[in-house]
Amino acid sequence: MGTEVSTAGQDTKIGQSMAETDAVLEVSNLKKYFPVTKGIILRKTVGQVQAVDDVTFTVRRGQTFALAGESGCGKTTTSRVLLRLEDATAGEVLFRGKDILNADKDLVKEYRRSVQAVFQDPYSSLEPRMRVGSIISEPLMATGALPKKEIRVRVEEVLAQVGLSPDAANRFPHEFSGGQRQRIALARSLASSPDLILLDEPVSALDVSIRAQILNLLKDLQDQLGVAYLLVAHDLATVRHMCHSIAVMYLGRLVETGSGEEVFGNPLHPYTKALLSAALPSHPRIQRAEIELPGEVPSPLNPPKGCRFHPRCPVAVMPQCAESLPELENHGGSHAVACHLARSA
Amino acid sequence: MVRFFVSRGVPIGLAFVLAVIVYRAIRVGFDSIGLPAVGWLIVLIVYLVGRVGFGNFFRVVKRAPKLPTLIIVAFILTAILADKITGSPYDQNIPNRLQPPGLMETLKTAVREQRFELNENWLGTDALGRDVLTRLVHGARVTLTVTIAAIMLGQGIGLTLGITSGYFGGWYDKVVMRIVDGAMSIPGIFLALLLAVVLGPSFQTVIIAIGLLLWSRFVRTLRAETMKVKEAEFVKLARVAGCSNWWIIRRHIFPNLVNLWAVLVSLEVGVTVIVEATLGFLGAGVPPPTPSWGSLISDGRQYVTSAWWLSFFPGMAILLVVLSVNLFGDWLRDVLDPQMRQRAT
């Protein structure tokens, strides 16, 4: 088993040499295609939406891995597949070395206990008819992780960890504000002491004034509990604040991966550069050249031939940009880029 | 163990005993249900008070619409205790036939002749000299039993099929929905008449006919709502937390359907009473001489110009009960929603 893990690790193109901490979640060559059907009675598949195509990355214990990209790039679909809410078309997902896409019942149960999620909308992600205490204890009750007597204590414990008072447990979600609700959602995800929490745009539905609080809370909890985060976000400021490593997605494919410093300090892919230049600077007086991308994101139903980014790429000059699909290639350290130009440079 | 009994045992027990009472009322006769039914009501109220808490219970009940609640309670008690408060509905007194309502006659003699003479037949007598009030009171029994039994049957089938087909979807959903389409295309009255011909007009036939008329409406509405609730983030999070399908249906889907369900039931009570009356009117209802509200109206039809009271009072009774149940249902919907409940109290 152990050898299998290490070979799977070497296959992933994100620099495995840097691995000091062990991997919690290893995703390799994950694909999710949605069939597009026509006809009411005789359904036939007329095409496929390539929502996630050949995605490979590793989330390490106690670290934050960010999946960034604009809306529609497949980052949320990836997270849904990882949560087993959708079936993958192809690929492999190893959780602590065990394949969870074809897992048996016991392993699924263990996975459910060890992986939790926080979603974007704090309003629809809390059951309006349950009291906060029941909402938080649900993961414990459902998997039988704790004896019933200890559940109450545990609920108060996680409420304290997210900075809410114990009597919040007896109230209904609609009595709380958006930020408090997101704290409740976080408390729920912490209840079963998971190894990995998937944060799907955890702060983008919140007021700017509350975002920093929640992000700092997330960081503090990570320091205290050693939980790993898989952060799905479109907001690069959030990502930069939180992540240890990052993968940038465009139209279902990873275009650049690496540690936070590598990608933010030295972006190599033109799309990453454009994204970074679009993020607001920390001070309004700071002058910078903004890279404007022409056109719209093409349809994933019919992705462009060659590099998926080439129709919008400001620097796509090489003929192979329109012909062959670039693979992720290592550019030192854990930094990998899928771009023909980066290689030639 | 005790907790389990209180939280699960009592509702299951209450539902079971109600089923037995209704069964006895249908098969053995109404005279045998008086005491058990009153006992059942008392247990129900004690259980509800215990469950919600004394203070909460009265705070909620205080906001109930007063007149409709009073009418419903009076209707139920009248039905249960019919043989205790009036005589036999079958006693004929031919010389005393077609007497106008006694209350009015008493009033007339009091005004015209300054003489107080209490007339026995408060609401008059029918063509065979039977007391209309007695028959109305006993008719309430038939109406109540038919209503409860038919709704239990219809909503039982409808809720089960509606939730399962909405939740699981796929070919099962398709099969169920086509059956529902078929059931809805058959006119209810036609189905009831057909059943009356095949099975012979009887109490059970009426219940089955109305139950078969109702179930498809429940399926349609509850399926649609289930599909909506199923897509909510909190259901996805429940799956991430490792909740089983049965758990999700019980803890998330049903609680979010419950106010729609309460409104449907209260609306269908009105429909049931009216359909039962229609069937009685058409001669396919509960066979004479058993009084039901519909057959009372039907019997009075030929005397409508000379003895208006024969049809008028049963008609008023139907009107009042249906209206009260609908108003009560509206209130119930608000009470079952924690957000609305707190706004209301």
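Parameters at a glance
- Residues numbered from 1 in each chain as written.
- Chains lettered and ligands numbered in written order.
- Predicted model: local features only at pLDDT ≥ 70, side-chain atom pairs only at ≥ 80, totals over all residues.
- Heavy atoms only, no water.
- Axes fitted to C-alpha atoms, helices over the stretch in contact; angles between N-to-C directions.
- Helix = DSSP H or I, 4+ residues; strand = E, 2+ residues; numbered from the N terminus.
- Parallel < 35°, antiparallel > 145°, perpendicular 65-115°, else oblique.
- Left-handed = near helix turned anticlockwise from the far one by under 90°.
- Contact = heavy atoms within 4.5 Å.
- Nonpolar A, V, L, I, M, F, W, Y, C, P; charged D, E, K, R; others polar.
- Pairing = 2+ DSSP bridges.
- pLDDT = per-residue confidence, 0-100.
- Disulfide = S-S within 2.5 Å.
- Buried < 20%, exposed > 50% of the residue type's maximum accessible area, 1.4 Å probe, protein only.
- Salt bridge = Lys/Arg side-chain N within 4 Å of Asp/Glu carboxyl O.
- Core = buried A, V, L, I, M, F, W, Y, C linked by side-chain atoms within 4.5 Å.
- Domains from an automatic or database assignment.
- Buried area = accessible area lost by both parts, 1.4 Å probe.
- Polar contact = N/O pair within 3.5 Å; in protein donor to acceptor, adjacent residues only side chain to side chain.
- Patch = residues over 30% accessible without salt bridge, like charges linked within 9 Å, V, L, I, M, F, W, Y side chains within 5 Å.
- Areas by Shrake-Rupley, 256 points an atom, 1.4 Å probe, with all protein chains shown as cover.
- 1 Å grid on protein atoms, 1.4 Å probe; cavity = no way out; pocket = protein on both sides within 12 Å on 5 of 7 lines; lining within 4 Å.
- Points joined across faces, edges and corners; volume = space filled by probe spheres on them.

Colleague: Hey, could you go over the packing of helix α7 (residues 132–168) of chain B against helix α8 (residues 170–185) of chain B for me, with residue numbers and the actual values?
Modeller: Residues and elements named next belong to chain B. Interhelical geometry of α7 versus α8 gives an angle of 140 degrees and a closest axis separation of 7 Å. Here α7 is positioned oblique relative to α8, judged by the angle of their axes. In this structure, the crossing between α7 and α8 has a hand that is left-handed. Contacts between α7 and α8 involve L161, T164, S165, G166 and F168 on the former and, on the latter, G170, Y172, D173 and V176. Its residues placed into classes, the contact of α7 with α8 shows four nonpolar, four polar and one charged.

Colleague: Give a description of the pairing of strand β4 (residues 90–95) of chain A that names residues and reports values.
Modeller: The two faces of the sheet receive side chains in turn, since in a regular strand these alternate between them. Residues and elements named next belong to chain A. With five bridges connecting them, strand β1 (residues 23–38) and β4 associate as antiparallel partners. Within the sheet, the bridge partner assigned to K31 lies in β4 and is A90. Summarising the sheet, β4 and strand β5 (residues 98–99) pair through two bridges and their orientation is antiparallel. Its bridge partner being in β5, L94 is matched across the sheet by D99. What sits between the antiparallel neighbours β4 and β5 is a turn of two residues, in which R96 has the positive phi angle 50 degrees.

Colleague: Any chance you could break down the confidence of the model for chain A for me, citing the residues and the numbers?
Modeller: Chain-level pLDDT for chain A is 82 on average; 91% of the residues reach the 70-or-more range. When pLDDT is averaged over each element of chain A, strand β7 (residues 196–200) of chain A comes out on top at 91 and helix α1 (residues 2–11) of chain A at the bottom at 41.

Colleague: Lay out the state of the cysteines in plain terms, naming residues and giving numbers.
Modeller: Residues and elements named next belong to chain A. A full pass over the atoms with the stated rule returns zero disulfides over all chains. With no disulfide partner, C243 has as its closest neighbouring cysteine sulfur the one in C73, 15 Å distant. Exposure remark for C243: the relative accessible area of 11% places this residue in the buried category. Between C313, a cysteine without a disulfide, and C339, which holds the nearest cysteine sulfur, the sulfur-to-sulfur distance is 6.2 Å.

Colleague: Which residues make up the sheet that holds β1 of chain A, and what values do they have?
Modeller: Across a sheet, paired strands are connected by hydrogen bonds in the backbone, their directions being either parallel or antiparallel. Residues and elements named next belong to chain A. Taken in spatial order, the four strands of this open sheet run β2-β1-β4-β5, and their pairing is antiparallel. Bordering the open sheet on either side are β2 (44–60) and β5, each of which pairs with just one other strand. In the packing of helix α2 (residues 75–82) onto the sheet, the strands contacted are β1, β2 and β4, and the crossing angle to β1 comes to about 110 degrees.

Colleague: Report on the pattern of salt bridges, specifying residues and quantitative values.
Modeller: When the charged atoms of two side chains lie near each other, side chains of opposite charge can form a pair. Taken as a whole, this structure holds 19 salt bridges over all chains when the rule is applied. Residue R253 of chain A pairs with D53 of chain A through a salt bridge whose shortest N-O separation is 3.4 Å. Of this pair, R253 of chain A sits in strand β10 (residues 253–259) while D53 of chain A sits in strand β2, and the two are 200 residues apart along the sequence. Comparing R253 of chain A with D53 of chain A, the two get one shared label, buried. A salt bridge links K236 of chain B to E231 of chain B; the shortest N-O distance between them is 3.7 Å. Residue classification places E231 of chain B among the partly exposed residues on the basis of a relative accessible area of 48%. Three or more residues are tied together by salt bridges with common partners; here these are R96, K98, E110 and D195 of chain A.

Colleague: How would you sum up the nonpolar core? Please name residues and give values.
Modeller: Ranked by internal contacts, the top residues of the largest apolar core, which has 73 residues, are I210, I253 and W293 of chain B. Counting the residues that make up this core, at least three belong to each of domain 1 (1–62) and domain 2 (86–91 + 139–344) of chain B. Setting aside anything within four residues of it in sequence, one finds I253 of chain B in contact with I163, Y167, T226, V229, K230 and I248 of chain B. In terms of nonpolar packing, the next biggest core, distinct from the first, is built from 55 residues, L126, I197, C243 and F309 of chain A among them.

Colleague: Would you mind going over the interface of chain B and chain A in detail, with residue names and values included?
Modeller: Each side of the interface is counted separately: chain B has 23 residues, and chain A has 26 residues. When the two sides are added together, the surface that chain B and chain A hide from each other amounts to roughly 2,300 Å², 57% of it contributed by carbon and sulfur. Area buried by chain B at its contact with chain A is led by E233, L237 and V240 of chain B, which between them contribute 28% of it. Between the two partners, chain B and chain A, sit one salt bridge. Between E233 of chain B and R80 of chain A there is a salt bridge, with the nearest N and O atoms lying 3.7 Å from each other. Across the contact surface, chain B and chain A share nine residue pairs in polar contact (both at pLDDT 80 or more). Among the elements of the structure, α11 (233–240), α12 (245–282) and α15 (338–344) of chain B are those that each provide at least two residues to the side of chain B that touches chain A.

Colleague: An account of a nonpolar patch on the surface is needed here, citing residue identities and associated values.
Modeller: Residues and elements named next belong to chain B. A surface patch of nonpolar side chains, about 870 Å² in accessible area, is lined by L153, I157, I186, F190, L194, V197, V198, L199, I208 and L212. Contributions of two or more residues to the nonpolar patch are made by α7, α9 (188–199) and α10 (203–230). A per-element tally of the nonpolar patch places α9 first, with five residues. Mapped onto the elements of the fold, I208 is located in helix α10.

Colleague: Lay out empty space enclosed by the protein in plain terms, naming residues and giving numbers.
Modeller: Residues and elements named next belong to chain A. On inspection of all chains with the given rule, the structure shows five cavities of 30 Å³ or more. Its volume calculated, the largest cavity comes out at about 80 Å³. Considering the residues around the largest cavity, the lining is formed by Y250, R253, L254, V255, H269, C307, R308, F309, L325, P326 and A338. Ranked by residue count, the leading element in the lining of the largest cavity is β10, at three residues. Here the residues of the lining of the largest cavity sort into eight nonpolar, one polar and two charged. Estimates place the volume of the second largest cavity at around 50 Å³. Residue classes in the lining of the second largest cavity are distributed as eight nonpolar, two polar and no charged.

Colleague: Break down the sheet that holds strand β3 (residues 64–68) of chain A for me, citing the residues and quoting the values.
Modeller: Residue and element names in this part refer to chain A. One open sheet holds the eight strands; their spatial order is β6-β7-β8-β3-β9-β10-β12-β11, and the pairing between them is mixed. On the outer flanks of this sheet lie β6 (115–118) and β11 (329–330), each paired with one strand and no other. Sheet analysis places β6 next to β7, joined by four bridges and oriented parallel. Residue pairing for β7: A117 is matched across the bridge by L198. Contacting β3, β7 and β8 (228–233), helix α7 (residues 208–225) crosses the sheet at an angle of about 155 degrees to β8.

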